[in-house]
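Remarks on the overall topology
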Amino acid sequence: AQTVTQSQPEMSVQEAETVTLSCTYDTSESDYYLFWYKQPPSRQMILVIRQEAYKQQNATENRFSVNFQKAAKSFSLKISDSQLGDAAMYFCAYRSAYFGNEKLTFGTGTRLTIIP
Amino acid sequence: SAVISQKPSRDICQRGTSLTIQCQVDSQVTMMFWYRQQPGQSLTLIATANQGSEATYESGFVIDKFPISRPNLTFSTLTVSNMSPEDSSIYLCSVGDIATEAFFGQGTRLTVV
């Protein structure tokens, strides 16, 4: 079974600064997807960024980028130029790439606070 | 992408009663997933719902407590039966296949009193 670990229950960052959220995972599979989801107080789960395990290049979406280290099973999220709207719970999630196993396994989450 | 409409968005229920949550998707999907998010916690998968077959439940979740229906490829319901205060959580439905991200409904906040 796969597990996802987020070791930072809470993080805070000054507005306009950069913050990195950590995530490690454990799997015996060679092909999979990793995700970062954001959950603001509205409860809506919003995809921030997605990484395919077979791709060496780290995914980037505007101010959000990841540092994917497959051998170390590490998948951290970097948020640059932090904005007040980035305040939310952030969940790291794993999904197998094999048919029939499409469920998501989530980490425990990191609550990000943005300091004005 | 997929747009998911989940109802109700919130409810307050008496213990011992049941609540049925509906999830409607704007396109046909093979698999739908139901997650529970207890207060301050992460999301835990309850079950996977395939159209035309029985739902597959994760360890710790049983059909008698969380019956699921999947009558067609765009709709599913989750019932929380014989509720107790411990069932107070956010319940989310989700869809997604191997090639795409997972899309979520807006969640149902359930409070059992």
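Quick note: structure is the one above.
If you're wondering where the values come from, they're calculated on a predicted model, not measured in any experiment. (Residues numbered from 1 in each chain as written. Chains lettered and ligands numbered in written order. Predicted model: local features only at pLDDT ≥ 70, side-chain atom pairs only at ≥ 80, totals over all residues. Heavy atoms only, no water.)

Some remarks on the overall build of chain B
Spelled out, the test is: Each helix corresponds to a stretch of at least 4 residues labelled H or I by DSSP, and each strand to a stretch of at least 2 residues labelled E; elements are numbered beginning at the N terminus. For a compact globule the rule gives 2.2 Å times the number of residues to the power 0.38, and the radius of gyration it is set against comes from C-alpha atoms. Remark: exposure states derive from per-residue accessible area (1.4 Å probe, protein chains only) relative to the maximum for the residue type, with buried under 20%, exposed over 50%, and partly exposed in between. The Shrake-Rupley method, run with a 1.4 Å probe sphere, supplies the accessible areas, and residue values consider only the shown protein chains as cover. Residues scored as positive are Lys and Arg, those scored as negative are Asp and Glu, and His as well as the terminal groups of each chain are ignored. Note that the charge is assigned to NZ on lysines, CZ on arginines, CG on aspartates and CD on glutamates.
From N to C terminus, chain B includes 0 helices and 11 strands. The C-alpha radius of gyration of chain B comes to 13 Å, within 12% of the 13 Å expected for a compact globule of 113 residues. With respect to the three principal axes, the spread of C-alpha positions in chain B is 40 × 25 × 20 Å. Counting over 113 residues, chain B shows a buried share of 50%. Of the roughly 5,200 Å² that chain B leaves accessible, carbon and sulfur atoms contribute 48%. Seen as two clouds, the 7 positive and the 9 negative side-chain charges of chain B have centres 9 Å apart.

Thoughts on the interface of chain A and chain B
How big an interface is tends to be stated in terms of accessible area lost as the parts join. Cut-off, in case you're wondering: Residue contacts are defined here by distance: any two heavy atoms, one from each residue, within 4.5 Å place the two residues in contact. Throughout this description, the term salt bridge denotes a Lys or Arg side-chain nitrogen within 4 Å of a carboxyl oxygen of Asp or Glu. Here a polar contact is taken to be a pair of N or O atoms separated by no more than 3.5 Å, where protein atoms must pair a possible hydrogen donor with a possible acceptor and residues adjacent in sequence count only if both atoms sit in side chains. All residues other than Ala, Val, Leu, Ile, Met, Phe, Trp, Tyr, Cys, Pro, Asp, Glu, Lys and Arg, Gly among them, are scored as polar; the first ten of these are nonpolar and the last four charged.
With 22 residues of chain A in contact, the opposing surface of chain B contributes 26 residues. At the junction of chain A with chain B, the criterion picks out 1 salt bridge. Linking K103 of chain A and E58 of chain B is a salt bridge whose minimum nitrogen-to-oxygen distance equals 2.9 Å. Counting every contact that joins chain A to chain B gives 9 residue pairs in polar contact (both at pLDDT 80 or more). Within the residue set of the side of chain A that touches chain B, elements represented by two or more residues are strand 5 (32-39), strand 6 (46-52), strand 10 (88-96) and strand 11 (104-106) of chain A. It is strand 5 of chain A that provides the largest number of residues to the side of chain A that touches chain B, a total of 4 residues. Classifying every residue of the side of chain A that touches chain B by side-chain character gives 11 nonpolar, 6 polar and 5 charged.

Considerations on the packing of aromatic side chains
Our working rule: For Phe, Tyr and Trp, rings pair up if their centres lie within 6.5 Å, where Trp contributes its six-membered ring, and each pair is then called stacked (planes under 30 degrees apart), edge-to-face (over 60) or tilted (otherwise). A ring is scored as having a charge over it whenever the NZ atom of a lysine or the CZ atom of an arginine sits within 6 Å of its centre and within 35 degrees of its normal.
Applying the stated criterion across every chain yields a total of 15 aromatic pairs over all chains. A ring pair is formed by Y25 of chain A and Y32 of chain A, whose centres lie 5.4 Å apart and whose planes are at 65 degrees; its orientation type is edge-to-face. By relative accessible area, which is 2% here, Y32 of chain A ends up buried. A centroid spacing of 6.5 Å and a plane angle of 45 degrees characterise the contact between F66 of chain B and Y91 of chain B, whose relative ring orientation is tilted. Of this pair, F66 of chain B sits in the loop between strand 6 (56-57) and strand 7 (68-72) while Y91 of chain B sits in strand 9 (residues 89-95), and the two are 25 residues apart along the sequence. On the basis of relative accessible area, Y91 of chain B is assigned to the buried category, the value being 0%. Here a set of aromatic residues connected by ring pairs shows up, and it is made of Y33, F35, Y37, F91 and F106 of chain A together with Y35 and F104 of chain B. One residue, R95 of chain A, lies across the ring of Y33 of chain A, its end atom 5.6 Å from the ring centre.

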